[in-house]
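Structure at a glance
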Amino acid sequence: MSDEKKSLSQLVAELKELRQKVSELEKAESACRAFTGKIRENEERFRQFFENISSGVAVYDVQDDGNDFVFRDFNKSAERIDRIEKEDVIGKSVLKIFPGIKKFGLFDVLQRVWKTGQPEHHPVSMYEDKRIVGWRDNYVFKLPGGEIVAVYNDVTRERRFEEQLKIIGKAIEQNPAAVVITDRDAKIEYVNPKFTELTGYSSKEVIGQNPSILQSGQMPDDFYKKLWQTILAGRGWQGEFLNKKKNGEFYWESASISPVVNEQEIITSFVAVKEDVTEKKKLWEQLVEAKEKAEESDRLKSCFLANISHEIRTPMNGILGFSALLKEPRLSGEEKEQYIELIHESGNRMLSIINNLIDISRIQTGELVLYPGATSINEIIKSTYVSFRDQARQKGVSFSCKTGLSAKESVIKTDKARLNQVLSHLVGNALKYTGEGEVSFGYKKNDKMLEFYVRDTGIGIPENQQGKIFERFRQVSLDATREYEGAGLGLSLSKKIIEMLGGDISVDSTPGEGSEFCFTLPYAPIQSKNNQPQELEREGYYVFPAGFTILVVDDDTISRLLLKGVLSGQNVRVLLAENGREAVEKVEKEPDIGIVLMDMKMPVMNGYEATVKIKEIRPDLPVIAQTAFADPGEQEAAKDAGCEEVLSKPINPEELLAEIRRYV
Ligand code: ADP
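Residues numbered from 1 in each chain as written. Predicted model: local features only at pLDDT ≥ 70, side-chain atom pairs only at ≥ 80, totals over all residues. Heavy atoms only, no water.

Helix and strand content of the chain: 22 helices and 22 strands. Relative to a compact globule of 664 residues, whose C-alpha radius of gyration would be 26 Å, the chain shows 54 Å and is clearly more extended. Dimensions of the chain along its principal axes, counting C-alpha atoms only, are 200 × 65 × 50 Å. The buried share of the chain, reckoned over its 664 residues, is 38%. Restricting the contact set of the chain to residue pairs at least 6 apart, pairs at least 24 apart contribute 58%. As displayed, the chain offers around 39,100 Å² of accessible surface, 52% of which is attributable to carbon and sulfur atoms. (Helix = DSSP H or I, 4+ residues; strand = E, 2+ residues; numbered from the N terminus. Rg over C-alpha atoms; globule rule 2.2 N^0.38 Å. Buried < 20%, exposed > 50% of the residue type's maximum accessible area, 1.4 Å probe, protein only. Contact = heavy atoms within 4.5 Å. Areas by Shrake-Rupley, 256 points an atom, 1.4 Å probe, with all protein chains shown as cover.)

So, in structure tokens, the structure goes:
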């Protein structure tokens with residue numbers, strides 16, 4: 001009823017109001033529509049971002065009061081990184097999909113972030129389960145709705161790269177070669193410890209410097225120019241150069257320098273790897289020298305063999321030829337004597353060659369032993385003079401000698417026999433190589449040394465040969481037209497002997513004018529007891545006491561006869577024994593025996609055993625041993641057996657008689 005009563009104007013007003021509300025509702029609806037659209041747009045944006053971000057993103061719902069995390073979302077990058085499809089993870093527990101998560105340490109982080117709401121960074125660590133392995137870097141945070149989000153990256157490649165870099169760095173640090181890295185302007189940026197060891201420069205001292213600080217100034221400028229041209233052209237360079245260390249010492253290094261270019265092919269740095277090759281170079285030079293020496297030695301040896309064969313055959317020829325001639329019954333006494341003299345000379349020449357050869361081989365094996373004793377230098381000078389006087393006279397060469405000290409002062413401690421050997425060889429050579437003029441020799445004292453000289457006016461020696469003649473087998477003329485005899489051993493032997501005696505030997509010579517050989521010996525004076533050195537005795541005349549008996553023991557008939565011959569005419573009685581046992585028996589039976597001359601190598605009983613037995617019977621009976629090899633070992637053994645003296649075969653009669661006289 002009331003509606004009916006409402007006035008039209010009221011109705012119109014209500015309608016207006018209604019229309020107003022409808023229009024407001026319509027406005028609100030349109031605003032709402034616009035708002036929903038915005039939300040959708042944002043959601044879409046977020047999704048795009050979520051799906052296309054390069055990091056993996058996993059969104060978890062928290063379950064079981066923070067004891068489990070269930071996948072709510074999983075983006076494409078996460079699928080790629082963990083090699084698993086989104087549909088296989090959604091709604092599943094993180095513990096199931098990633099069973100290694102607790103060991104990895106991320107599960108604790110998820111729990112902490114859920115509890116505290118504070119975002120956390122789980123630093124690069126290695127994740128590993130049966131399915132996947134890799135290095136991961138995780139950021140975890142909590143959404144306002146309570147979900148937990150993990151944003152992560154696979155850093156396996158970077159990590160591997162870092163590790164490789166570390167390894168390479170270590171390899172450079174510990175490299176046995178020196179490594180230098182410079183920038184493109186050749187300023188040093190890095191040197192390894194080996195560089196410091198090699199050059200003496202610390203890394204601090206050289207960083208920022210140019211490697212030219214190592215230049216020795218000995219390499220041609222062109223050398224560095226070419227080096228730079230090569231490396232600036234982007235090519236590697238390899239070569240050797242002489243450099244200088246911090247302490248000024250030069251050294252050779254073998255270097256390999258390479259330019260390093262960036263992606264735009266622009267040189268950014270240079271890397272040099274260098275090795276000290278000073279020792280290698282030295283070794284190489286020594287090797288080359290040794291090889292040349294070996295070849296030369298080989299050549300010399302061949303020459304030597306040809307020579308030695310000649311040298312041995314010539315005296316052999318003399319011995320055999322003249323001994324055959326001696327059988328000729330119609331020979332005059334004078335001829336016989338001349339032939340015997342020639343045979344004797346040839347024998348001596350043979351002996352000297354054999355002695356030299358034995359000495360040389362002993363020197364090589366280090367077995368040459370010296371026997372230093374009181375030696376009168378003046379006597380050696382005199383006896384050498386006497387030995388060569390006739391030869392000089394025959395050649396018409398003026399010959400003289402000089403002593404530099406009084407007889408008493410001239411007695412020194414040295415190896416008499418060896419000194420004699422050297423001096424005789426030098427004087428012999430001087431006469432050999434001098435056709436006319438003069439040969440003189442002698443010595444003088446200079447401070448603590450005796451200086452000997454042997455001068456001649458002979459053929460002389462070319463300068464380029466003067467250093468070489470002291471080498472083995474070396475002769476100035478090696479060809480078949482050689483005018484002079486000799487095996488090229490004497491000087492090398494003399495040099496070794498003089499050096500062993502503590503001196504030096506040298507030569508000064510002018511071809512065509514002559515030579516002077518000089519050698520020194522330490523002056524080690526000895527006060528001689530009676531001022532009467534033994535050598536003098538040799539020249540005096542000696543008569544053995546009547547009935548003096550000598551027992552000669554030798555298995556070789558010729559040697560026995562030779563000794564008997566030497567002793568005959570000396571007013572002595574000679575008994576012979578063929579072996580050690582016979583000798584012992586004779587000593588037992590014959591108390592008159594005054595001395596025994598004992599060969600050492602014999603059948604039945606050798607000389608060593610026999611000497612021991614003889615000394616048991618008559619300890620004071622002198623025994624003089626004779627050995628064929630004069631081996632130092634044999635000498636020792638003979639002395640050990642009790643022999644007073646050891647003489648080497650062939651026996652020099654004068655020497656033997658002098659020795660015997662010492663025991664009469
Ligand atoms: P050789 O036995 O051949 O003489 P050496 O060793 O004594 O051997 O001498 C080596 C070389 O030195 C000789 O072949 C000779 O050429 C030279 N020589 C040595 N002494 C003299 C000298 N006084 N005058 C000239 N040349 C010499």
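Next comes the rest of the write-up.
Let us look at the packing of aromatic side chains. Throughout the structure, instances matching the rule amount to 20 aromatic pairs. Between the aromatic rings of phenylalanine 223 and tryptophan 237, the centroid separation amounts to 5.6 Å while the plane-to-plane angle is 90°, which identifies the pairing as edge-to-face. Here tryptophan 237 lies in strand β8 (residues 237–244) and phenylalanine 223 lies in helix α10 (residues 221–232), a separation of 14 residues in the sequence. Since its relative accessible area comes to 19%, phenylalanine 223 is described here as buried. For tryptophan 237, a relative accessible area of 11% corresponds to the buried category. For the pair phenylalanine 470 and phenylalanine 517, a centre-to-centre distance of 6.2 Å together with 75° between the ring planes defines the contact as edge-to-face. Pair noted here: phenylalanine 470 is in the loop between α15 (463–466) and α16 (490–500) and phenylalanine 517 is in strand β17 (residues 514–522), with a separation of 47 residues, a long-range link. With a relative accessible area of 7%, phenylalanine 517 lands in the buried category. (Phe/Tyr/Trp six-rings, centres within 6.5 Å; stacked < 30°, edge-to-face > 60°.)

Next up on the list: the domain arrangement of the chain. Interface size is often expressed as the accessible area that is lost when the parts come together. Per the domain assignment, the segments of the chain are domain 1 (1–46), domain 2 (53–160), domain 3 (175–276), domain 4 (288–367), domain 5 (370–522) and domain 6 (548–661). Here domain 1 and domain 6 have C-alpha centroids that lie 156 Å from each other. (Domains from an automatic or database assignment.)

Here helix α14 (residues 416–432) contains 17 residues, and its C-alpha end-to-end distance of 24 Å stays within 8% of the 24 Å for a straight helix at 1.5 Å per residue. What α14 keeps buried is the set Arg418, Leu419, Val422, Leu423, Leu426, Val427, Gly428, Asn429, Ala430 and Leu431. Here α14 starts with a cap whose side-chain oxygen sits 3.1 Å from the backbone nitrogen of alanine 417, and that cap is aspartate 415. (Expected span 1.5 Å × (residues − 1). Polar contact = N/O pair within 3.5 Å; in protein donor to acceptor, adjacent residues only side chain to side chain.)

The sheet contact formed by strand β18 (residues 549–553) and strand β19 (residues 573–577) spans five bridges and is parallel. By the bridge assignment for β19, valine 552 is matched with leucine 576. Taking the sense of rotation as the criterion, the β-α-β connection linking β18, helix α18 (residues 557–567) and β19 turns out right-handed. (Pairing = 2+ DSSP bridges. Right-handed = clockwise from strand over helix to strand, strands pointing away.)

On the surface, Leu8, Leu11 and Val12 cluster together into a nonpolar patch covering about 290 Å² of accessible area. Position of valine 12 relative to the elements: it lies in helix α2 (residues 8–52). For valine 12, a relative accessible area of 48% corresponds to the partly exposed category. (Patch = residues over 30% accessible without salt bridge, like charges linked within 9 Å, V, L, I, M, F, W, Y side chains within 5 Å. Salt bridge = Lys/Arg side-chain N within 4 Å of Asp/Glu carboxyl O.)

Further remarks concern the environment of glycine 248. Assignment of secondary structure puts glycine 248 in the loop between β8 and β9 (250–261). Along the sequence, glycine 248 and serine 216 sit 32 residues apart, while their C-alpha atoms lie 8.6 Å from each other.

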